[in-house]
Amino acid sequence: VPENYGQSPRLKDLWMNDNVLTGTLPIIAEGEFLFLEELLLNNNEMTGEVDESLCLIRNDTAPGGNLGVFHADCQPPTGGGAPQL
């Protein structure tokens, strides 16, 4: 996933599921994905942590957030901490 994937200012739906993507999910910077409503990442080969920056755009946790649908193949770590892709 490229580092600049969040720089599409009016993007509402980002479906990257079922593409056998590898690597990590870049951090979402402030001001990115302001209008994103759906983010689908499931059925890929991604690794690493789901960064807390996703919380900044969720519609149930942040004022002005729009993200209502987030699908990923996540596993909660056994010792606490961020979910793992």
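In the block above lies the structure referred to throughout.
Draft legend 1. Seen up close, the nonpolar core. Counting residues in each nonpolar core, the largest one holds 14 residues, and the members touching the most others are Tyr5, Leu14, Phe33, Leu36, Leu39, Leu54 and Ile57. Discounting chain neighbours no more than four positions away, the residues touching Ile57 are Ile28, Glu32, Phe33, Leu36, Gly65, Asn66 and Leu67.

Draft legend 2. Here's a closer look at unusual backbone geometry. For Phe33, which is not glycine, the phi torsion reads 55° and is therefore positive. By secondary structure assignment, the location of Phe33 is in the loop between strand E2 (22-23) and strand E3 (38-40). The exposure class of Phe33 is buried, given its relative accessible area of 2%. You will see that Asn43, though not glycine, has its phi angle at about 60°, which is positive. Tracing the backbone shows Asn43 in the loop between E3 and strand E4 (45-46).

Draft legend 3. Seen up close, the sheet that holds strand E1 (residues 13-15). Pairing within the open sheet is parallel, and its three strands lie in the order E1-E3-E5. With one partner strand each, in any of the chains shown, E1 and strand E5 (69-71) form the two edges of the open sheet. Sheet twist, expressed as the mean angle between neighbouring strand axes with direction ignored, is 5°. Two elements, E1 and E3, share three bridges in a ladder whose sense is parallel. Each residue of the ladder has a partner; that of Asp13, found in E3, is Glu38.

Draft legend 4. Representation of the pattern of salt bridges within the structure. This structure, assessed with the given rule, holds one salt bridge. Its salt-bridge partner being Glu37, residue Lys12 comes within 3.6 Å of it at the nearest N-O pair. Of this pair, Lys12 sits in the segment before E1 while Glu37 sits in the loop between E2 and E3; the two residues are 25 residues apart in sequence, bridging distant segments of the chain.

Here is what the cut-offs are and how they apply
- Residues numbered from 1 in each chain as written.
- Predicted model: local features only at pLDDT ≥ 70, side-chain atom pairs only at ≥ 80, totals over all residues.
- Heavy atoms only, no water.
- Core = buried A, V, L, I, M, F, W, Y, C linked by side-chain atoms within 4.5 Å.
- Buried < 20%, exposed > 50% of the residue type's maximum accessible area, 1.4 Å probe, protein only.
- Contact = heavy atoms within 4.5 Å.
- Helix = DSSP H or I, 4+ residues; strand = E, 2+ residues; numbered from the N terminus.
- Pairing = 2+ DSSP bridges.
- Axes fitted to C-alpha atoms, helices over the stretch in contact; angles between N-to-C directions.
- Salt bridge = Lys/Arg side-chain N within 4 Å of Asp/Glu carboxyl O.

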